[in-house]
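As a plain string of letters, each chain reads:
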Amino acid sequence: MWWVQQALVWLVLGAAFTAALNFFLMSRGPPLATILSHLQSPPSSSSLEHHSLHQQVYLRGEVYALRNSEYLNWNQKNRTGITNAIHALYDHLPGVKVRHRTPSPHLHSLIHTLRQDITTRGVSSDPWDLAKKWANPRSLVPGSAHGLGDVLGALATAPIISSDVGHGGTQLKIFLLLKGGQRAVFKPIRYLREEIIEGEIYDGADRHNGEVAAFHLSRLLALPTVPLAVGRWVSLRKHILPVASKELATTFFKMEGGEVCFYGVCYYCNKNESVCDNGATLEGVVTMWLPPHLPLTQLHHPWARTYIRTKLAPWEEQPGYCEEVRQHVPYSWDKSPRLLDLMDAAVFDYLIQNGDRHHYSVIAGKLESAVILLDNGKRLRQTTYERLLLLTGGGLSLAMQELLNLDPLAPVLTRAHLLALDRRLSHILAALSSCRERLGGWHQVLF
Ligand SMILES: Nc1ncnc2c1ncn2[C@@H]1O[C@H](COP(=O)(O)OP(=O)(O)OP(=O)(O)O)[C@@H](O)[C@H]1O
Ligand SMILES: [Mn+2]
(Lines give C-alpha, C1' and ligand atoms only; values in the text may rest on other atoms or scores of the structure.)
(Ligands and ions follow the chains in the order given, each with its own letter.)
Protein backbone atom coordinates (compact mmCIF):
# COMPACT_ATOMS: atom_id res chain seq x y z
CA MET A 1 0.00 0.00 0.00
CA TRP A 2 1.32 3.37 -0.94
CA TRP A 3 0.89 5.02 2.40
CA VAL A 4 2.60 2.15 4.14
CA GLN A 5 5.54 2.50 1.79
CA GLN A 6 5.81 6.16 2.54
CA ALA A 7 5.34 5.68 6.23
CA LEU A 8 8.19 3.20 5.99
CA VAL A 9 10.42 5.82 4.52
CA TRP A 10 9.63 8.09 7.39
CA LEU A 11 10.37 5.37 9.85
CA VAL A 12 13.83 4.92 8.43
CA LEU A 13 14.29 8.63 8.71
CA GLY A 14 12.91 8.62 12.22
CA ALA A 15 15.31 5.87 13.16
CA ALA A 16 18.16 8.03 11.95
CA PHE A 17 16.96 10.94 14.04
CA THR A 18 16.42 8.84 17.10
CA ALA A 19 19.77 7.26 16.57
CA ALA A 20 21.30 10.67 16.34
CA LEU A 21 19.74 11.57 19.63
CA ASN A 22 20.90 8.35 21.17
CA PHE A 23 24.43 8.85 20.12
CA PHE A 24 25.49 12.31 20.59
CA LEU A 25 25.42 12.13 24.32
CA MET A 26 26.75 8.67 24.85
CA SER A 27 30.08 10.11 25.78
CA ARG A 28 31.64 13.41 26.68
CA GLY A 29 32.25 15.71 23.76
CA PRO A 30 35.70 15.24 22.27
CA PRO A 31 37.86 18.22 21.25
CA LEU A 32 36.37 20.30 18.50
CA ALA A 33 39.23 19.61 16.14
CA THR A 34 38.59 15.88 16.38
CA ILE A 35 34.97 16.36 15.56
CA LEU A 36 35.64 18.60 12.61
CA SER A 37 38.04 16.13 11.12
CA HIS A 38 35.32 13.49 11.20
CA LEU A 39 32.66 15.56 9.58
CA GLN A 40 32.32 15.43 5.87
CA SER A 41 30.64 18.77 6.09
CA PRO A 42 32.16 21.09 8.67
CA PRO A 43 29.72 23.44 10.35
CA SER A 44 29.54 26.91 8.91
CA SER A 45 32.22 29.17 10.28
CA SER A 46 29.61 31.51 11.69
CA SER A 47 28.38 28.86 14.10
CA LEU A 48 31.90 28.47 15.42
CA GLU A 49 32.62 32.16 15.79
CA HIS A 50 30.65 32.39 19.00
CA HIS A 51 32.29 31.96 22.35
CA SER A 52 32.87 28.63 24.01
CA LEU A 53 29.34 28.33 25.32
CA HIS A 54 28.10 28.24 21.76
CA GLN A 55 30.70 25.66 20.92
CA GLN A 56 29.60 23.50 23.79
CA VAL A 57 25.99 23.64 22.71
CA TYR A 58 27.19 22.81 19.23
CA LEU A 59 29.11 19.82 20.48
CA ARG A 60 26.08 18.47 22.22
CA GLY A 61 23.86 19.28 19.31
CA GLU A 62 24.23 16.97 16.40
CA VAL A 63 27.62 15.36 16.01
CA TYR A 64 26.40 11.83 15.58
CA ALA A 65 28.71 10.56 12.84
CA LEU A 66 31.57 10.52 15.27
CA ARG A 67 29.48 8.86 17.94
CA ASN A 68 28.68 6.16 15.45
CA SER A 69 32.31 5.19 15.09
CA GLU A 70 32.86 5.43 18.84
CA TYR A 71 29.99 3.07 19.33
CA LEU A 72 31.75 0.47 17.25
CA ASN A 73 34.79 0.76 19.51
CA TRP A 74 32.77 0.36 22.67
CA ASN A 75 30.58 -2.51 21.60
CA GLN A 76 32.42 -4.24 18.75
CA LYS A 77 29.10 -4.11 16.97
CA ASN A 78 28.00 -2.21 13.90
CA ARG A 79 24.82 -0.23 14.00
CA THR A 80 23.85 -1.68 10.66
CA GLY A 81 20.32 -0.38 11.02
CA ILE A 82 21.26 3.26 10.67
CA THR A 83 24.90 3.83 9.71
CA ASN A 84 24.20 4.41 6.03
CA ALA A 85 21.49 6.92 6.82
CA ILE A 86 23.89 8.95 8.93
CA HIS A 87 26.57 9.03 6.24
CA ALA A 88 24.05 10.02 3.59
CA LEU A 89 22.86 12.85 5.79
CA TYR A 90 26.33 14.35 5.91
CA ASP A 91 26.68 14.03 2.13
CA HIS A 92 23.60 16.15 1.69
CA LEU A 93 24.23 18.74 4.37
CA PRO A 94 26.37 21.20 2.38
CA GLY A 95 23.86 21.32 -0.48
CA VAL A 96 20.98 21.89 1.91
CA LYS A 97 22.80 24.75 3.56
CA VAL A 98 23.36 26.42 0.21
CA ARG A 99 19.78 25.86 -0.95
CA HIS A 100 18.18 27.28 2.18
CA ARG A 101 20.29 30.29 2.95
CA THR A 102 17.64 32.98 3.29
CA PRO A 103 14.36 33.09 5.18
CA SER A 104 11.10 32.43 3.37
CA PRO A 105 9.13 35.50 2.21
CA HIS A 106 6.09 34.01 3.98
CA LEU A 107 7.75 33.77 7.37
CA HIS A 108 6.70 37.17 8.62
CA SER A 109 3.03 36.63 8.05
CA LEU A 110 3.23 33.34 9.97
CA ILE A 111 4.99 35.00 12.89
CA HIS A 112 2.48 37.84 12.79
CA THR A 113 -0.51 35.47 12.95
CA LEU A 114 0.93 33.36 15.76
CA ARG A 115 1.88 36.44 17.75
CA GLN A 116 -1.49 38.05 17.26
CA ASP A 117 -3.24 35.03 18.80
CA ILE A 118 -1.18 35.70 21.91
CA THR A 119 -1.18 39.48 22.06
CA THR A 120 -4.92 39.89 21.47
CA ARG A 121 -6.68 39.85 24.82
CA GLY A 122 -10.31 40.04 25.90
CA VAL A 123 -11.52 37.51 23.34
CA SER A 124 -13.00 35.08 25.86
CA SER A 125 -14.51 35.63 29.28
CA ASP A 126 -14.02 31.91 30.08
CA PRO A 127 -10.53 30.93 28.87
CA TRP A 128 -10.63 27.52 30.58
CA ASP A 129 -13.76 26.60 28.68
CA LEU A 130 -12.28 27.88 25.42
CA ALA A 131 -9.17 25.70 25.83
CA LYS A 132 -11.31 22.71 26.74
CA LYS A 133 -13.37 23.13 23.57
CA TRP A 134 -10.21 23.39 21.47
CA ALA A 135 -8.82 20.08 22.71
CA ASN A 136 -9.54 16.87 20.83
CA PRO A 137 -7.55 13.65 20.33
CA ARG A 138 -5.65 15.11 17.35
CA SER A 139 -5.08 18.69 18.39
CA LEU A 140 -4.91 20.76 21.55
CA VAL A 141 -4.80 24.21 19.94
CA PRO A 142 -6.27 25.19 16.58
CA GLY A 143 -4.02 26.69 13.90
CA SER A 144 -5.79 29.99 14.32
CA ALA A 145 -6.16 30.21 18.07
CA HIS A 146 -8.11 33.38 18.67
CA GLY A 147 -8.17 33.72 22.45
CA LEU A 148 -4.86 31.97 23.13
CA GLY A 149 -3.62 35.16 24.80
CA ASP A 150 -6.48 34.95 27.28
CA VAL A 151 -5.72 31.31 28.10
CA LEU A 152 -1.96 31.86 28.53
CA GLY A 153 -2.68 35.03 30.50
CA ALA A 154 -5.00 33.11 32.81
CA LEU A 155 -2.41 30.36 33.33
CA ALA A 156 0.17 32.99 34.21
CA THR A 157 -1.98 34.97 36.63
CA ALA A 158 -5.07 33.08 37.86
CA PRO A 159 -5.18 32.75 41.67
CA ILE A 160 -4.01 29.37 42.98
CA ILE A 161 -6.86 27.67 44.86
CA SER A 162 -4.95 24.61 46.01
CA SER A 163 -1.57 22.95 45.55
CA ASP A 164 -0.47 19.35 45.94
CA VAL A 165 2.44 17.06 45.24
CA GLY A 166 2.73 15.99 41.61
CA HIS A 167 1.96 12.37 40.80
CA GLY A 168 3.30 10.57 37.77
CA GLY A 169 6.79 10.96 36.36
CA THR A 170 9.96 11.17 38.43
CA GLN A 171 10.59 14.90 38.68
CA LEU A 172 9.73 17.63 41.14
CA LYS A 173 6.47 19.34 40.27
CA ILE A 174 3.43 20.83 41.98
CA PHE A 175 -0.16 20.19 40.99
CA LEU A 176 -2.20 23.37 40.94
CA LEU A 177 -5.89 24.02 40.95
CA LEU A 178 -6.44 27.48 39.49
CA LYS A 179 -9.43 29.73 40.11
CA GLY A 180 -12.26 28.66 37.82
CA GLY A 181 -11.45 24.96 38.26
CA GLN A 182 -8.53 24.56 35.82
CA ARG A 183 -5.85 22.02 36.70
CA ALA A 184 -2.24 22.71 35.87
CA VAL A 185 1.24 21.59 36.81
CA PHE A 186 4.04 23.87 37.98
CA LYS A 187 7.65 22.91 37.27
CA PRO A 188 10.15 25.19 39.02
CA ILE A 189 13.37 26.56 37.58
CA ARG A 190 16.29 24.16 38.18
CA TYR A 191 19.00 25.64 35.97
CA LEU A 192 20.01 29.00 34.61
CA ARG A 193 19.38 29.44 30.89
CA GLU A 194 23.08 29.09 30.07
CA GLU A 195 23.82 26.09 32.24
CA ILE A 196 24.94 22.98 30.38
CA ILE A 197 24.33 19.56 31.89
CA GLU A 198 27.17 17.12 31.38
CA GLY A 199 26.61 13.44 30.78
CA GLU A 200 23.91 11.43 29.10
CA ILE A 201 21.08 13.07 27.22
CA TYR A 202 18.62 12.14 29.92
CA ASP A 203 20.76 13.40 32.80
CA GLY A 204 19.74 16.35 34.92
CA ALA A 205 16.36 17.68 35.91
CA ASP A 206 13.81 19.01 33.45
CA ARG A 207 14.23 22.60 32.33
CA HIS A 208 11.25 24.83 32.89
CA ASN A 209 12.08 27.13 29.96
CA GLY A 210 12.19 24.10 27.66
CA GLU A 211 8.50 23.54 28.23
CA VAL A 212 7.70 27.12 27.20
CA ALA A 213 9.90 26.91 24.12
CA ALA A 214 8.41 23.53 23.14
CA PHE A 215 4.89 24.91 23.21
CA HIS A 216 5.73 27.76 20.84
CA LEU A 217 7.82 25.51 18.61
CA SER A 218 4.87 23.13 18.27
CA ARG A 219 2.72 25.95 16.96
CA LEU A 220 5.43 27.06 14.53
CA LEU A 221 5.67 23.50 13.21
CA ALA A 222 1.87 23.12 13.08
CA LEU A 223 2.09 20.13 15.43
CA PRO A 224 -0.47 21.29 17.96
CA THR A 225 -0.13 18.50 20.49
CA VAL A 226 1.97 20.18 23.16
CA PRO A 227 -0.03 21.28 26.22
CA LEU A 228 -0.21 25.05 26.70
CA ALA A 229 2.71 26.30 28.79
CA VAL A 230 3.62 29.72 30.09
CA GLY A 231 6.23 31.14 32.42
CA ARG A 232 5.12 32.31 35.84
CA TRP A 233 6.61 33.61 39.07
CA VAL A 234 4.92 32.33 42.16
CA SER A 235 5.33 33.24 45.80
CA LEU A 236 5.85 30.00 47.70
CA ARG A 237 5.09 31.71 50.98
CA LYS A 238 1.97 33.62 49.91
CA HIS A 239 0.44 31.55 47.10
CA ILE A 240 1.55 27.92 47.37
CA LEU A 241 2.10 27.07 51.05
CA PRO A 242 -1.18 28.52 52.43
CA VAL A 243 -3.20 26.34 50.03
CA ALA A 244 -0.88 23.30 50.04
CA SER A 245 -1.94 19.75 50.87
CA LYS A 246 -0.38 18.34 54.02
CA GLU A 247 1.86 16.05 51.96
CA LEU A 248 3.29 18.98 50.02
CA ALA A 249 3.43 21.38 52.99
CA THR A 250 5.62 19.05 55.04
CA THR A 251 8.38 19.37 52.43
CA PHE A 252 8.61 23.16 52.90
CA PHE A 253 11.30 24.77 55.06
CA LYS A 254 12.87 28.16 55.56
CA MET A 255 16.52 29.12 55.12
CA GLU A 256 18.37 31.42 57.49
CA GLY A 257 18.37 34.16 54.92
CA GLY A 258 14.58 33.98 54.74
CA GLU A 259 14.28 32.07 51.50
CA VAL A 260 11.45 29.57 51.34
CA CYS A 261 12.36 26.13 49.97
CA PHE A 262 10.56 22.88 49.23
CA TYR A 263 11.40 19.49 47.79
CA GLY A 264 8.04 17.86 47.10
CA VAL A 265 7.35 14.15 46.74
CA CYS A 266 8.72 12.25 43.73
CA TYR A 267 11.35 9.68 42.79
CA TYR A 268 14.14 12.27 42.65
CA CYS A 269 12.75 14.44 45.45
CA ASN A 270 14.77 14.86 48.66
CA LYS A 271 15.93 17.67 50.86
CA ASN A 272 19.30 17.92 49.14
CA GLU A 273 17.54 18.61 45.85
CA SER A 274 15.34 21.38 47.20
CA VAL A 275 14.25 24.39 45.21
CA CYS A 276 14.28 27.78 46.93
CA ASP A 277 12.75 31.12 46.07
CA ASN A 278 14.79 34.32 45.89
CA GLY A 279 13.26 35.58 49.11
CA ALA A 280 10.07 36.62 47.36
CA THR A 281 9.21 34.64 44.26
CA LEU A 282 10.17 31.52 42.35
CA GLU A 283 10.34 31.24 38.56
CA GLY A 284 8.79 28.28 36.80
CA VAL A 285 6.45 27.07 34.08
CA VAL A 286 2.75 26.43 34.39
CA THR A 287 1.50 23.73 32.02
CA MET A 288 -2.18 23.27 31.41
CA TRP A 289 -3.59 19.88 32.38
CA LEU A 290 -5.48 18.06 29.64
CA PRO A 291 -9.28 18.10 30.08
CA PRO A 292 -11.00 15.06 31.63
CA HIS A 293 -12.41 13.94 28.26
CA LEU A 294 -8.84 13.30 27.05
CA PRO A 295 -7.36 10.71 29.48
CA LEU A 296 -3.78 9.76 28.59
CA THR A 297 -2.15 6.40 28.32
CA GLN A 298 1.50 5.56 27.65
CA LEU A 299 2.90 3.24 25.01
CA HIS A 300 6.40 1.93 24.57
CA HIS A 301 8.18 3.79 21.74
CA PRO A 302 9.30 1.30 19.06
CA TRP A 303 12.43 3.41 18.48
CA ALA A 304 13.33 3.85 22.16
CA ARG A 305 17.01 3.89 23.17
CA THR A 306 18.22 1.06 25.38
CA TYR A 307 19.71 3.25 28.12
CA ILE A 308 22.55 0.73 28.35
CA ARG A 309 25.72 1.81 26.60
CA THR A 310 26.75 -1.61 25.44
CA LYS A 311 23.32 -2.81 24.37
CA LEU A 312 21.97 -1.94 20.94
CA ALA A 313 18.28 -1.38 20.34
CA PRO A 314 16.67 -3.50 17.62
CA TRP A 315 16.31 -0.51 15.27
CA GLU A 316 20.07 0.06 15.53
CA GLU A 317 20.89 -3.47 14.47
CA GLN A 318 18.20 -4.49 12.01
CA PRO A 319 17.88 -2.61 8.72
CA GLY A 320 14.41 -4.18 8.27
CA TYR A 321 13.20 -3.22 11.74
CA CYS A 322 10.41 -0.93 10.60
CA GLU A 323 8.86 -3.65 8.46
CA GLU A 324 8.65 -5.74 11.58
CA VAL A 325 7.09 -2.89 13.58
CA ARG A 326 4.36 -2.21 11.08
CA GLN A 327 3.04 -5.76 11.37
CA HIS A 328 1.50 -4.72 14.66
CA VAL A 329 -1.36 -2.49 15.74
CA PRO A 330 -1.36 0.49 16.01
CA TYR A 331 1.36 0.78 13.37
CA SER A 332 -0.32 -1.57 10.95
CA TRP A 333 -3.80 -0.23 11.12
CA ASP A 334 -4.97 0.79 7.66
CA LYS A 335 -4.83 4.55 7.35
CA SER A 336 -3.63 4.89 10.93
CA PRO A 337 -1.79 8.15 11.33
CA ARG A 338 0.37 6.81 14.17
CA LEU A 339 3.52 6.13 12.13
CA LEU A 340 3.39 9.57 10.60
CA ASP A 341 2.71 11.10 13.99
CA LEU A 342 5.80 9.39 15.38
CA MET A 343 7.83 10.82 12.48
CA ASP A 344 6.58 14.31 13.21
CA ALA A 345 7.41 13.72 16.86
CA ALA A 346 10.95 12.64 15.86
CA VAL A 347 11.50 15.95 14.08
CA PHE A 348 10.14 17.83 17.06
CA ASP A 349 12.26 15.86 19.52
CA TYR A 350 15.38 16.31 17.41
CA LEU A 351 14.84 20.07 17.32
CA ILE A 352 14.45 20.27 21.09
CA GLN A 353 17.06 17.54 21.64
CA ASN A 354 14.74 15.36 23.66
CA GLY A 355 16.40 11.97 23.54
CA ASP A 356 14.29 10.51 26.28
CA ARG A 357 10.97 9.60 24.65
CA HIS A 358 11.13 5.93 25.60
CA HIS A 359 7.38 5.98 25.94
CA TYR A 360 4.93 8.21 24.18
CA SER A 361 1.51 9.43 25.26
CA VAL A 362 -1.75 9.13 23.39
CA ILE A 363 -5.39 9.60 24.31
CA ALA A 364 -6.61 6.34 25.84
CA GLY A 365 -8.83 4.19 23.64
CA LYS A 366 -8.39 6.34 20.51
CA LEU A 367 -6.53 4.67 17.69
CA GLU A 368 -6.66 7.93 15.76
CA SER A 369 -5.16 9.88 18.66
CA ALA A 370 -2.21 12.12 17.91
CA VAL A 371 1.00 11.61 19.85
CA ILE A 372 0.64 14.05 22.72
CA LEU A 373 4.03 15.68 23.19
CA LEU A 374 4.35 15.89 26.95
CA ASP A 375 7.38 16.55 29.07
CA ASN A 376 9.47 18.66 26.75
CA GLY A 377 11.97 20.03 29.17
CA LYS A 378 14.47 18.05 27.05
CA ARG A 379 6.14 13.72 11.66
CA LEU A 380 6.67 13.59 8.36
CA ARG A 381 4.05 14.74 6.21
CA GLN A 382 4.22 16.91 3.14
CA THR A 383 2.70 19.62 5.27
CA THR A 384 5.36 19.24 7.95
CA TYR A 385 8.09 19.35 5.34
CA GLU A 386 6.63 22.51 3.86
CA ARG A 387 6.48 24.05 7.28
CA LEU A 388 10.14 23.18 7.83
CA LEU A 389 11.03 24.89 4.55
CA LEU A 390 9.16 27.96 5.66
CA LEU A 391 11.47 28.12 8.68
CA THR A 392 14.84 27.75 6.90
CA GLY A 393 17.51 30.37 6.37
CA GLY A 394 17.52 31.51 10.00
CA GLY A 395 13.73 31.75 10.04
CA LEU A 396 13.25 29.25 12.84
CA SER A 397 15.39 31.09 15.36
CA LEU A 398 13.87 34.40 14.34
CA ALA A 399 10.31 33.13 14.71
CA MET A 400 11.03 31.45 18.03
CA GLN A 401 12.59 34.60 19.40
CA GLU A 402 9.59 36.67 18.32
CA LEU A 403 7.15 34.27 19.99
CA LEU A 404 9.17 33.69 23.15
CA ASN A 405 9.53 37.44 23.64
CA LEU A 406 5.82 37.39 24.52
CA ASP A 407 6.36 35.09 27.51
CA PRO A 408 6.64 36.56 31.00
CA LEU A 409 10.04 34.88 31.39
CA ALA A 410 11.60 36.33 28.20
CA PRO A 411 14.29 35.76 27.13
CA VAL A 412 13.30 32.11 27.42
CA LEU A 413 16.20 30.75 25.35
CA THR A 414 19.79 31.88 24.91
CA ARG A 415 21.10 32.95 21.50
CA ALA A 416 23.10 29.71 21.39
CA HIS A 417 19.97 27.63 21.74
CA LEU A 418 18.15 29.64 19.09
CA LEU A 419 21.01 29.16 16.62
CA ALA A 420 21.13 25.46 17.43
CA LEU A 421 17.53 25.16 16.25
CA ASP A 422 18.53 26.52 12.84
CA ARG A 423 21.41 24.07 12.58
CA ARG A 424 19.29 21.09 13.55
CA LEU A 425 16.72 22.08 10.96
CA SER A 426 19.35 21.87 8.22
CA HIS A 427 20.31 18.40 9.45
CA ILE A 428 16.70 17.26 9.21
CA LEU A 429 16.47 18.61 5.67
CA ALA A 430 19.74 16.88 4.77
CA ALA A 431 18.34 13.57 6.02
CA LEU A 432 15.24 14.12 3.91
CA SER A 433 17.31 15.07 0.90
CA SER A 434 19.31 11.86 1.17
CA CYS A 435 16.08 9.83 1.36
CA ARG A 436 14.82 11.54 -1.77
CA GLU A 437 18.00 10.63 -3.62
CA ARG A 438 17.95 7.04 -2.43
CA LEU A 439 14.31 6.50 -3.28
CA GLY A 440 14.18 8.45 -6.53
CA GLY A 441 12.02 11.47 -5.79
CA TRP A 442 10.00 13.39 -3.25
CA HIS A 443 6.86 11.44 -4.13
CA GLN A 444 8.51 8.43 -2.45
CA VAL A 445 9.43 10.36 0.66
CA LEU A 446 6.59 12.68 1.56
CA PHE A 447 3.15 11.58 2.52
N1 LIG B 1 -0.44 18.55 30.88
C2 LIG B 1 -0.79 17.31 31.21
N3 LIG B 1 -2.05 16.88 31.09
C4 LIG B 1 -2.40 15.63 31.45
N5 LIG B 1 -1.54 14.72 31.95
C6 LIG B 1 -0.28 15.09 32.09
C7 LIG B 1 0.17 16.40 31.73
N8 LIG B 1 1.50 16.48 31.99
C9 LIG B 1 1.85 15.30 32.47
N10 LIG B 1 0.80 14.45 32.55
C11 LIG B 1 0.82 13.07 33.07
O12 LIG B 1 1.79 12.99 34.09
C13 LIG B 1 2.86 12.13 33.71
C14 LIG B 1 4.18 12.71 34.18
O15 LIG B 1 4.38 13.98 33.59
P16 LIG B 1 5.81 14.42 33.07
O17 LIG B 1 6.25 13.44 32.05
O18 LIG B 1 5.76 15.85 32.70
O19 LIG B 1 6.63 14.22 34.43
P20 LIG B 1 8.18 14.05 34.64
O21 LIG B 1 8.38 13.94 36.10
O22 LIG B 1 8.90 15.11 33.91
O23 LIG B 1 8.43 12.63 33.95
P24 LIG B 1 9.85 11.93 33.66
O25 LIG B 1 10.20 11.24 34.90
O26 LIG B 1 9.55 10.97 32.54
O27 LIG B 1 10.81 13.03 33.29
C28 LIG B 1 2.72 12.02 32.18
O29 LIG B 1 3.23 10.82 31.70
C30 LIG B 1 1.23 12.12 31.98
O31 LIG B 1 0.58 10.90 32.18
MN1 LIG C 1 10.49 14.83 32.49
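As the structure is a prediction and not an experimental result, all values here were calculated from the model. (Residues numbered from 1 in each chain as written. Chains lettered and ligands numbered in written order. Predicted model: local features only at pLDDT ≥ 70, side-chain atom pairs only at ≥ 80, totals over all residues. Heavy atoms only, no water.)

### Observations regarding the UniProt feature "binding site: Mn(2+)" (unreviewed entry) in the chain
The residues that UniProt annotates with the feature "binding site: Mn(2+)" (unreviewed entry) are Asp 206 and Asp 375. These annotated residues cover 170 residues of sequence, and their C-alpha atoms all fall within 8.2 Å of one another, placing them together at a single site. Looking at the secondary structure, you find Asp 206 in the loop between β3 (182-188) and α10 (208-220). The contact partners of Asp 375, leaving out residues within four places of it in the chain, are Lys 187, Asp 206, Glu 211 and Asn 354. (UniProt positions renumbered as here; feature names shortened; annotations may be inferred. Helix = DSSP H or I, 4+ residues; strand = E, 2+ residues; numbered from the N terminus. Contact = heavy atoms within 4.5 Å.)

### Re the site of ligand 1
Contacts to ligand 1 come from 15 residues, most closely from Thr 170, Gln 171, Lys 173, Asp 206 and Met 288. Here an oxygen atom of ligand 1 sits 2.9 Å away from a polar atom, N or O, in the side chain of Lys 187. The contact in question runs from an oxygen atom of ligand 1 to an N or O atom on the side chain of Gln 298, over 2.9 Å. Protein contacts shield 82% of the accessible area of ligand 1, which totals 620 Å² for the unbound molecule. Here the shell around ligand 1 is built from residues that sort into six nonpolar, five polar and four charged. Shared between two domains, the shell around ligand 1 holds at least three residues of each, these being domain 1 (2-105 + 295-385 + 412-444) and domain 2 (122-288). (Near = heavy atom within 4 Å. Polar contact = N/O pair within 3.5 Å; in protein donor to acceptor, adjacent residues only side chain to side chain. Areas by Shrake-Rupley, 256 points an atom, 1.4 Å probe, with all protein chains shown as cover. Nonpolar A, V, L, I, M, F, W, Y, C, P; charged D, E, K, R; others polar. Domains from an automatic or database assignment.)

### Some remarks on the environment of Ala 214
Note on placement: Ala 214 falls in helix α10. The exposure class of Ala 214 is buried, given its relative accessible area of 0%. (Buried < 20%, exposed > 50% of the residue type's maximum accessible area, 1.4 Å probe, protein only.)

### Some remarks on the state of the cysteines
Scanning all chains against the criterion turns up two disulfides. Through a disulfide, Cys 266 is tied to Cys 269; the S-S separation comes to 2.0 Å. Classification of the bridge connecting Cys 266 and Cys 269 rests on its S-S torsion, roughly 95°, and on that basis the disulfide is right-handed. Of the two residues, Cys 266 and Cys 269, neither departs from the other in class, the shared state being buried. If the cysteines joined by disulfides in the chain are listed in sequence order, their pairing comes out as 1-4, 2-3. (Disulfide = S-S within 2.5 Å.)

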